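A look at the structure
This is what each chain is made of:
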Amino acid sequence: MNNPGACDFAKDLTIFQAVQARGGASEFGAMNRVLLLRDGKQQIINLKALEGKNIVAMANDTIEVPAKDIFGN
């Protein structure tokens, strides 16, 4: 992310909006495989796809935008 750190939580905030609130992904960020840590479980989310953009964030979620791989993914 361009500006990593905590994001103010609001009702109906999506994972995509949370990433955007912190400046969005850098040019090296892989928005197609964002890691969501929730209740001790990991989930990979594609924030380039519409269904990924609609996932609602929950308090205490941790969101990580990994670096792109050598193929740009």
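The notes below deal with the structure included here. (Residues numbered from 1 in each chain as written. Predicted model: local features only at pLDDT ≥ 70, side-chain atom pairs only at ≥ 80, totals over all residues. Heavy atoms only, no water.)

When you line up the elements, R38 lands in strand β1 (residues 34–38). Polar contacts involving the side chain of R38 include one to the main-chain carbonyl oxygen of V56, which spans 2.9 Å. Polar side-chain contacts of R38 include one of 2.6 Å to the side chain of D61. With residues near it in sequence (within four places) discarded, R38 still touches I15, V56, A57, M58 and D61. (Helix = DSSP H or I, 4+ residues; strand = E, 2+ residues; numbered from the N terminus. Polar contact = N/O pair within 3.5 Å; in protein donor to acceptor, adjacent residues only side chain to side chain. Contact = heavy atoms within 4.5 Å.)

Time to look at the nonpolar core. Counting residues in hydrophobic clusters, the biggest one holds nine residues: I15, V19, M31, V34, L36, I45, L47, A57 and V65. Broken down by secondary-structure element, the contributors of at least two residues to this core are α1 (15–21) and β1. Excluding its chain neighbours within four sequence positions, the residues that come into contact with A57 are F9, L13, T14, I15 and R38. (Core = buried A, V, L, I, M, F, W, Y, C linked by side-chain atoms within 4.5 Å. Buried < 20%, exposed > 50% of the residue type's maximum accessible area, 1.4 Å probe, protein only.)

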